[in-house]
Amino acid sequence: MSCQPLRQLVRQARPRSAAAVAPSLPRSQSSAACAPLAHPSGAQGRFAPTSETKSYGQPLPSTHPHLLQPGELTPFVSADEYHQRRKRLVDSLEDGAIVVIAGGQIQYMTQNIFYRFRQRSNMWYLTGFEEPDSAVVIEKNSSSRGYKMTLFCKSKDPYDELWNGARTGLEGARTIFGADESCDSAHFGWRIKNLLSSNTSGPVYIDLPSHSVSTFSRTRARSPSRTFLQYLSSAGSGKQVDESDEIMAALQKREVKSAATKVERLRLIKSEAEVKAMRRAADISADAHSKVMRFAQPGQLESQLVANFEYTTSMQGGSRPAYVPVCASGSQALTIHYVENNRPIKAGEMVLLDAGCEWGGYASDITRTFPVSGSFTTPQKHLYEAVLRVEKACIERCTASADLTLEELHRLSVDLTRVELVDLGFHLRGGDLERILYPHFLSHPLGIDLHDTRTFGRDEKIQAGMVITIEPGLYVPPLPHFPKGFHNQVVRIEDEVLVREDDCVVLSVDAPKEVVDVEARCQGLLDGARDP
């Protein structure tokens, strides 16, 4: 080969200088001028799309047939079911009522490093729309549909979509999500002001934050003035008179009620599709719990058990952890919300694993306690069986016909636990049981949120169609008046229970909890019995 062609190849392979590259981009978009994952918008951000193929801001049956069936907006939930949810909501409201629900905004860990977005639960429940900087306004009217739905979202922007992924856009908001009207979220405050001035007949259902915190937009520098959508999302900043103050002044002249209270009444009772999604989430998490029992060995870090759990759930389609997992070995489990997960597990100890994944927008919540060495010691077994008997007895009462409140279920668990402790040789003093040995509540609703429907009170009766947790526990610190064999031993067992009229269904049934099953799984005696 001659020297001249060789020089040409070297010149072709050599990286070009910044000066040679810079003219192809506007000056304000150069890599030196833009922070990572930050870019200009507006006139400086104009960018031609690179493909004629339509794209959307979330999976659809046409784009992700492996995730969604025809007609579904989210896993198992059809577009018609979302319409029926909105219809049930407006049917419960006064004539002329307006409902305003804000979606979420991107949250940041540090500077421009953002967390993965999760839509606010009430927005998602009513629309299925999963993009940030969005909102929905539902106006009750006399049309055949019964309401008008306006969906606020970001317009299509090819350059932003190059960085941050596809947007559904205004046309998709109408054709896919069934909005009667769609509007860019930048105009949300202006449209709300006009709506409040034009519709004065009914109450306004809206949830106003007690305060706002500052945030960064994904595509713009932080502004000293907050939009009303930022305010509703608890993400505005600034004290001066701005759009939010003007709308708040208009709302002071109206009857304002909580939208969350109304929407959460609907969310409380799960549809058939929701139960299917929650069962899938529970099945995935239950299998992960079972696999962790087999995986755990003395000397491993608690964090390795968590990694094994999250690997299993991710491999089976879990979209994210439903909450920060608790993996507590030995006496670490005396801290109920122990999340450091950084200690080595030791032979002879028990491990308490409280972990669940989210699937299809619904959370799972399961706790299991198991022996690191594969077999419970005699005191561990006795304590475990005591908690298990309490849990089973409480689950049996999870029916609508039992006519119990969450508080009454909890009192039942306290009474049963007291009997079990006396049988184990505990001499209880005043406050020992509910302040030390069993200090937490038995149950909470479960659904889109881990602690779902926060407006449901503990003094309300459980109803058919609810999904609740049942999670008794015992936490024995090394106090001299407690039997020494139980010192630093902790057991909690938690299941997800679907309440029905005369019976109930344990959605998390596949997570081993009988002593013989837990020990067999830890020892590898069930290897291959359930694994694909």
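Since the model is a prediction, treat every value here as computed from it, not as a measurement.

About the cut-offs
Residues numbered from 1 in each chain as written. Predicted model: local features only at pLDDT ≥ 70, side-chain atom pairs only at ≥ 80, totals over all residues. Heavy atoms only, no water. Helix = DSSP H or I, 4+ residues; strand = E, 2+ residues; numbered from the N terminus. Buried < 20%, exposed > 50% of the residue type's maximum accessible area, 1.4 Å probe, protein only. Contact = heavy atoms within 4.5 Å. Areas by Shrake-Rupley, 256 points an atom, 1.4 Å probe, with all protein chains shown as cover. Pairing = 2+ DSSP bridges. Disulfide = S-S within 2.5 Å. Axes fitted to C-alpha atoms, helices over the stretch in contact; angles between N-to-C directions. Phe/Tyr/Trp six-rings, centres within 6.5 Å; stacked < 30°, edge-to-face > 60°. Lys NZ or Arg CZ within 6 Å of the ring centre and 35° of its normal. Patch = residues over 30% accessible without salt bridge, like charges linked within 9 Å, V, L, I, M, F, W, Y side chains within 5 Å. Salt bridge = Lys/Arg side-chain N within 4 Å of Asp/Glu carboxyl O. Expected span 1.5 Å × (residues − 1). Polar contact = N/O pair within 3.5 Å; in protein donor to acceptor, adjacent residues only side chain to side chain. Core = buried A, V, L, I, M, F, W, Y, C linked by side-chain atoms within 4.5 Å.

A. Local environment of the overall build of the protein chain. Across its full length, the protein chain holds 16 helices and 21 strands. Looking at the protein chain as a whole, 50% of its 532 residues are labelled buried. Nonlocal contacts in the protein chain, meaning residues at least 24 apart in sequence, comprise 69% of its contacts between residues at least 6 apart. Carbon together with sulfur atoms contributes 53% to the accessible area of the protein chain, which is approximately 24900 Å² in total.

B. How the structure looks around the sheet that holds strand β3 (residues 98-102). Strand order in the open sheet made by the six strands is β8-β7-β6-β3-β9-β10, with mixed pairing throughout. A single partner strand is all that each edge strand has here, and the edge strands are β8 (181-184) and β10 (256-257). By the bridge criterion, four bridges tie strand β7 (residues 147-153) to β8 in an arrangement that is parallel. What sits directly across from Thr-150, in β8, is Glu-181.

C. Just the state of the cysteines, in detail. In total, this model carries zero disulfides according to the counting rule given. This cysteine, Cys-153, is not joined by any disulfide, and Cys-183 carries the nearest cysteine sulfur, 8.8 Å off.

D. View of the pairing of strand β12 (residues 326-329). Of the two faces of β12, both are covered, the one formed by Val-326 and Ala-328 as well as the one formed by Cys-327 and Ser-329. One ladder, built from four bridges, connects β12 with strand β13 (residues 350-355); its direction is antiparallel. Note on β13: the bridge partner recorded for Ala-328 is Leu-352.

E. Structural detail: the sheet that holds strand β17 (residues 467-470). Read across the open sheet, the three strands follow the order β17-β20-β21; overall the sheet is antiparallel. Two strands bound the open sheet, and with one partner strand each, they are β17 and β21 (504-506). Pairwise comparison of adjacent strand axes, ignoring direction, gives a mean angle of 30 degrees for this sheet. One ladder, built from four bridges, connects β17 with strand β20 (residues 495-499); its direction is antiparallel. In the sheet register, Thr-469 faces β20, and the bridge partner there is Glu-496.

F. Structural detail: the packing of aromatic side chains. Applying the stated criterion across every chain yields a total of ten aromatic pairs. Taking the centre distance of 6.3 Å and the plane angle of 90 degrees together, the rings of Tyr-82 and Trp-124 count as edge-to-face. One end of the pair, Tyr-82, is in helix α3 (residues 79-91); the other, Trp-124, is in helix α4 (residues 121-127), and 42 residues separate them in sequence. Measuring from ring centre to ring centre gives 5.0 Å for Phe-152 and Phe-188, while their planes differ by 90 degrees; the resulting arrangement is edge-to-face. One end of the pair, Phe-152, is in strand β7; the other, Phe-188, is in helix α7 (residues 188-198), and 36 residues separate them in sequence. Neither residue differs from the other here; Phe-152 and Phe-188 are each classed as buried. One aromatic cluster in this structure is built from Tyr-82, Trp-124 and Tyr-362. Taking the ring centre of Tyr-82 as reference, the NZ or CZ of Arg-85 above it sits at 4.7 Å.

G. Geometry of a nonpolar patch on the surface. A surface patch of nonpolar side chains, amounting to about 300 Å² of accessible area, comprises Met-109, Ile-113 and Tyr-115. With respect to the secondary-structure elements, Tyr-115 resides in the loop between β5 (113-114) and α4. Classification of Tyr-115 as partly exposed rests on a relative accessible area of 43%.

H. Expanded view of α3. For α3, built from 13 residues, the straight-helix expectation of 18 Å at 1.5 Å per residue is met to within 8% by its first-to-last C-alpha distance of 19 Å. Three or more residues of α3 are buried, namely Glu-81, Tyr-82, His-83, Arg-85, Arg-86, Leu-89 and Val-90.

I. Seen up close, the pairing of β3. Extensive coverage of β3 is indicated by the burial of five of its five residues. In terms of strand pairing, β3 meets strand β6 (residues 135-140) through five bridges, oriented antiparallel. Bridge pairing in β6 places Ala-102 opposite Ala-135. With two bridges connecting them, β3 and strand β9 (residues 204-205) associate as parallel partners.

J. Looking closely at unusual backbone geometry. With phi around 60 degrees, Asp-403 is a residue other than glycine that occupies positive phi space. Considering the arrangement of structural elements, one finds Asp-403 in the loop between α13 (378-396) and α14 (406-423). With a phi close to 45 degrees, Thr-453 is a non-glycine residue in the positive phi region. Locating Thr-453 in the fold gives a position in the loop between α15 (432-437) and β17.

K. Looking closely at the side chain of Asp-495. Mapped onto the fold, Asp-495 is located in strand β20. For Asp-495, the side chain forms a polar contact with the side chain of Ser-508, separated by 2.6 Å. Beyond its immediate sequence surroundings of up to four residues, Asp-495 is in contact with Asp-365, Arg-368, Glu-391, Ile-395, Ile-468, Thr-469, Ile-470, Val-506, Ser-508 and Lys-513.

L. Expanded view of the nonpolar core. Of all hydrophobic cores here, the largest spans 54 residues; its most connected members are Phe-370, Ile-468 and Ile-470. The element that contributes the greatest number of residues to this core is α13, accounting for eight residues. With residues up to four places along the chain from it excluded, the contact list for Phe-370 reads Val-292, Met-293, Ala-296, Leu-305, Glu-349, Met-350, Val-351, Phe-376, Val-518 and Cys-522.

Any functional reading would require information that these geometric values do not contain.
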